[in-house]
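An overview of the molecular structure
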Amino acid sequence: MDGVQFIDDIPAFQAGDIPDAVAFRFGDADLTYTALASAADRLATTLRDAGVQPGDRVGVYVDKSLDSAIAIYGVMRAGAAYVPMDPGAPLARLTHIAEACGLRIIVSQQRKAAGYEGVAKAVRMMDRVFTADGAVLWSSDRSTPVATPRARRPDDPAYVIFTSGSTGTPKGITHTHASALAYVRMSADLYGVTAEDRLSNHSALHFDMSTFDMFTGPYVGATTIIISEMHMKLPASLSALIEAEAMTIWYSVPHALIQLLERGGLDKRDLSALRWVIFGGEPMLPDALRAFAGHTPGAWFSNSYGPAEVNQCSFKHLSANALDGSPISIGRPCAHADLLIVDGDETAEEGELLVATPAMMTGYWNDPARNAAAFHTVKGKRYYRTGDLVRRDPDGELHFLGRMDRQVKLRGFRVELDEIELAISRHADVSEAAAVISGAPARISVYITARPDTAPTADDLRAFAAQSLPPQAVPSTITILPAFKRTATGKIDRKHLSEAS
């Protein structure tokens, strides 16, 4: 499919080659490539009739379902960029996204009416469009003409994903058809994805990980299994689904794997179909991954690193035999990525990671101040400043050290909060840990969740931390929680912890 220049052309290409192959599956319902291409065209026609023009942004406000795939391809087919909106987000956040992107139309579902009508009323400028269960788009109207793509360019926006908002005002990460396809082609090659694969769609559309499931899978003619919210909340049900659907490629944040390990009943499942277990978004606990590997015979594991602004830019592949409990590096640059480490204005072996890649965003939507700070030019080449601190070892592998904005000074000492979390996470009774700065004078507070059937105490954990951390980094308080509050993308909400301390 080297001739594809636009993401939304993928279903039509596959419909010509493998018309009856299943592109997406949700529950007991299948969506073939022919049906996907036809549905996307009908939605595109409806959107154009509603006034959508090339370059417009269209909100996608849907629960996880086959509608998810149809909506994003249909919006792009109309020449617009889709803007995923978290169905669980508060009205204020949804309104911010609608206003920031100048949305006039939201593609939604009848059962979500209260949500999008609230947004429409708040911004006072929006029409509304229903999806399948509203019976007005693609449910039965076969007379709607096929949408012919209007004149456009590969560098036109394809989607705008807003960050979780766990740190400050949400920012709209703008990717083009060209940047999306650069990622799709790289990831398909990196993981050897083929038409025989069955991918998991664990991430919602407003999380950048979803682009692997929604784009890379269809690009090679694979089947993507859309995982329902119910399955995501019940690890034992989720593991049963992985087995029943014979999924071959799994991609999620580490938390999902930890939940499967601790509450998924993996000893009762046959997960031998899995050949890749990919994780990213946060560091993965080495011991947890090693334990998980005991349930997935034959699977390889891959740490996928890359901020949403650049998609994936590095990787670390591991066989089960290589999981020895050591910290997992972020590995080596992907084939399409140029990675640079700088310390101030000088290149270095330890410092901030800069990334240049064709899979990089054009910038934050309508945010010139942030864009000016986000990019750095070195020898005429434009790099994205990740804000991540890394170290390159003698073998050329990169190791994540933490965030520049998570490096603090206490009593004159430089302290890395990520280092503290990693040290405490190594305790046998700890499931996950989060370190924050709180109070006045400032102090280190750590929150943890415990593994099932364990009862660690704060004193035990502080003593354990003192074995590997310098005195100034040993937390003042350790609080054991039943569960962490999480952002919309499944990451620990550290801002909430900091405010609550």
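Figured I'd write up the structure that's included with this text.

What counts, and at which threshold
Residues numbered from 1 in each chain as written. Predicted model: local features only at pLDDT ≥ 70, side-chain atom pairs only at ≥ 80, totals over all residues. Heavy atoms only, no water. Helix = DSSP H or I, 4+ residues; strand = E, 2+ residues; numbered from the N terminus. Rg over C-alpha atoms; globule rule 2.2 N^0.38 Å. Buried < 20%, exposed > 50% of the residue type's maximum accessible area, 1.4 Å probe, protein only. Contact = heavy atoms within 4.5 Å. Areas by Shrake-Rupley, 256 points an atom, 1.4 Å probe, with all protein chains shown as cover. Pairing = 2+ DSSP bridges. Axes fitted to C-alpha atoms, helices over the stretch in contact; angles between N-to-C directions. Salt bridge = Lys/Arg side-chain N within 4 Å of Asp/Glu carboxyl O. Parallel < 35°, antiparallel > 145°, perpendicular 65-115°, else oblique. Nonpolar A, V, L, I, M, F, W, Y, C, P; charged D, E, K, R; others polar. Lys, Arg positive; Asp, Glu negative; His and termini not counted. Polar contact = N/O pair within 3.5 Å; in protein donor to acceptor, adjacent residues only side chain to side chain. Expected span 1.5 Å × (residues − 1). Core = buried A, V, L, I, M, F, W, Y, C linked by side-chain atoms within 4.5 Å. Phe/Tyr/Trp six-rings, centres within 6.5 Å; stacked < 30°, edge-to-face > 60°. Lys NZ or Arg CZ within 6 Å of the ring centre and 35° of its normal.

Turning next to the overall build of the protein. The helix and strand tally for the protein stands at 15 helices and 27 strands. Since a compact globule built from 501 residues should have a radius of gyration of about 23 Å, the 23 Å found for the protein is in line with a globular shape. Taken over 501 residues, the protein has a buried fraction of 55%. When contacts within the protein are restricted to residue pairs at least 6 apart in sequence, those whose partners lie at least 24 apart make up 65%. On the protein, roughly 20,400 Å² of surface is accessible, and the fraction owed to carbon and sulfur atoms is 51%.

So, on to the sheet that holds strand S25 (residues 430–438). Strand order in the open sheet formed by 3 strands is S25-S26-S27, and the pairing between neighbours is mixed. Single-partner strands in this sheet number two, and they are S25 and strand S27 (477–481). Neighbouring strand axes in the sheet, compared pairwise and without regard to direction, differ in orientation by 25 degrees on average. With respect to the sheet, helix H13 (residues 417–425) is in contact with S25, strand S26 (443–450) and S27, its orientation differing from that of S25 by roughly 150 degrees.

Let us look at the pattern of salt bridges. Scanning all chains against the criterion turns up 24 salt bridges. When the shortest N-O distance is used, the salt bridge between Arg77 and Asp8 registers 3.4 Å. Here Arg77 is found in helix H3 (residues 66–77), whereas its partner Asp8 is found in the segment before helix H1 (10–17), with 69 residues between them in sequence. Take Arg77 and Asp8: they sit in the same class, and that class is buried. The partner of Asp338 in a salt bridge is Lys381, and the shortest N-O contact between them spans 2.9 Å. Taken together, the residues span a long stretch of sequence, with Asp338 in strand S16 (residues 338–343) and Lys381 in strand S21 (residues 381–392) at a distance of 43 residues. Under the relative-accessibility criterion, Asp338 is labelled partly exposed at 25%. Linked by salt bridges that have partners in common, Asp8, Asp9, Asp41 and Arg77 make up one network.

The next thing to look at is the packing of H3 against helix H7 (residues 210–220). Viewed as axis vectors pointing N to C, H3 and H7 meet at an angle of 80 degrees, and their least axial separation amounts to 11 Å. Here H3 is positioned roughly perpendicular relative to H7, judged by the angle of their axes. Within the contact between the two elements, H3 uses Ser68, Ala69, Ile72, Tyr73 and Met76 and H7 uses Met214, Phe215 and Pro218. The class makeup of the residues in the contact of H3 with H7 is 7 nonpolar, 1 polar and no charged.

What follows is about the side chain of Asp208. As for its placement among the helices and strands, Asp208 is situated in the loop between strand S9 (198–201) and H7. Summary of buried charges: Asp208 has no salt-bridge partner, and the nearest side chain of opposite charge, Lys491, is 6.2 Å away.

Moving on to the side chain of Asp86. As for its placement among the helices and strands, Asp86 is situated in the loop between strand S4 (81–84) and helix H4 (91–101). For the buried residue Asp86, which engages in no salt bridge, the nearest side chain bearing the opposite charge is Arg93, 5.7 Å off. Among the polar contacts made by the side chain of Asp86, one reaches the main-chain amide nitrogen of Gly88 at a distance of 2.9 Å. With sequence-adjacent residues up to four places away left out, Asp86 is seen in contact with Tyr61, Leu94, His206 and Ala488.

Before going further, it helps to spend a moment on helix H6 (residues 177–190). If you check H6, its first and last C-alpha atoms are 20 Å apart, about what 14 residues at 1.5 Å a residue would give, namely 20 Å. Counting buried residues along H6, 11 of its 14 residues qualify, which places the element largely inside the surrounding structure. Among the residues of H6, those classed as buried are His177, Ser179, Ala180, Leu181, Ala182, Tyr183, Val184, Met186, Ser187, Ala188 and Leu190. In the stretch just after H6, Gly192 is the one whose phi turns positive, near 55 degrees.

Turning our attention to the nonpolar core. In this structure, Ile7, Phe24, Tyr73 and Phe215 are the most contacted members of the largest nonpolar core, which totals 42 residues. By residue number, the principal contributor to this core is H3, which donates 8 residues. Not counting chain neighbours up to four residues away, the residues in contact with Phe24 comprise Ala29, Asp30, Leu31, Leu36, Leu66, Ala69, Tyr73, Asp213, Met214, Pro218, Thr224 and Ile226. Listed in part, the 27 residues of the second largest apolar core include Leu257, Ile258, Leu260 and Leu274.

Counting buried positions along S26 gives 6 out of 8 residues, so the element sits mostly inside the fold. Across 8 bridges, S25 lies against S26 in antiparallel orientation. Bridged to Ser438 within S26 is Arg443. Where S26 meets S27, 5 bridges bridge the pair, whose relative direction is parallel.

This part is about the packing of aromatic side chains. Tallying each qualifying case throughout the model produces 8 aromatic pairs. Where Tyr159 meets Phe215, the ring centres are 6.1 Å apart and the plane angle is 45 degrees; that geometry is what we call tilted. With Tyr159 in strand S7 (residues 157–162) and Phe215 in helix H7, this residue pair connects regions lying 56 residues apart in the sequence. Taking relative accessible area as the criterion, Tyr159 reaches 2% and is therefore assigned buried. Pairing Tyr191 with Phe212 gives two aromatic rings, centres 6.1 Å apart and planes at 80 degrees, and the pair type is edge-to-face. Residue Tyr191 is located in the loop between H6 and S9, and its partner Phe212 is located in helix H7; the two are separated by 21 residues in the primary sequence. Since its relative accessible area comes to 2%, Tyr191 is described here as buried. Judged by its relative accessible area of 1%, Phe212 falls in the buried class. Of the aromatic side chains, those joined through ring pairs into one cluster are Tyr191, Phe212, Tyr251, Trp276 and Trp300. Here the basic side chain of Lys112 rests over the ring of Tyr61, its NZ or CZ set 5.7 Å away from the ring centre.

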